[in-house]
Amino acid sequence: AVKTLEDGIMKHINDKKIEYNAINQNLAYNFYDMPTLVNSWLNNNSYREKLLGSQYDEFGAGNSREYYSLVFKDNK
């Protein structure tokens, strides 16, 4: 059974047999708008590093109700 949003995202990635070398994600809950959400991520060292760093070469985003996710993938 899926226990957390993170588990659900990883289950989806594995069910779809998406290949990757490394994977990571930024998650958020209950933000009013996207600029506020992105600003929040940019003001957090860990989230900012994933957004602006060069470790990942592909990403995807999604939302479900009040939950937002940004998944980073390294194919190297």
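Summary of the structure given here. These figures come from a predicted structure and were not determined experimentally. (Residues numbered from 1 in each chain as written. Predicted model: local features only at pLDDT ≥ 70, side-chain atom pairs only at ≥ 80, totals over all residues. Heavy atoms only, no water.)

**Things to note about the side chain of Gln25**
And step 1. Structurally, Gln25 can be placed in strand S1 (residues 22-29).
And step 2. For Gln25, the residues in contact, after removing those within four places along its chain, are Glu6, Ile9, Met10, Tyr47, Lys50, Leu70, Val71 and Phe72. (Helix = DSSP H or I, 4+ residues; strand = E, 2+ residues; numbered from the N terminus. Contact = heavy atoms within 4.5 Å.)

**Description of the pattern of salt bridges**
And step 1. Counted under the stated rule, the structure contains two salt bridges.
And step 2. For Lys11, the salt bridge is made with Asp15, and the minimal N-O distance between the two is 2.7 Å. Of this pair, Lys11 and Asp15 both sit in helix H1 (residues 5-15), four residues apart, which is roughly one turn of that helix.
And step 3. Between Lys73 and Glu58 there is a salt bridge whose closest N-O contact spans 4.0 Å. In this pair, Lys73 is assigned in strand S3 (residues 67-74) and Glu58 in strand S2 (residues 58-64), connecting sequence segments 15 residues apart.
And step 4. On the accessibility criterion, Glu58 (40% relative accessible area) is partly exposed. (Salt bridge = Lys/Arg side-chain N within 4 Å of Asp/Glu carboxyl O. Buried < 20%, exposed > 50% of the residue type's maximum accessible area, 1.4 Å probe, protein only.)

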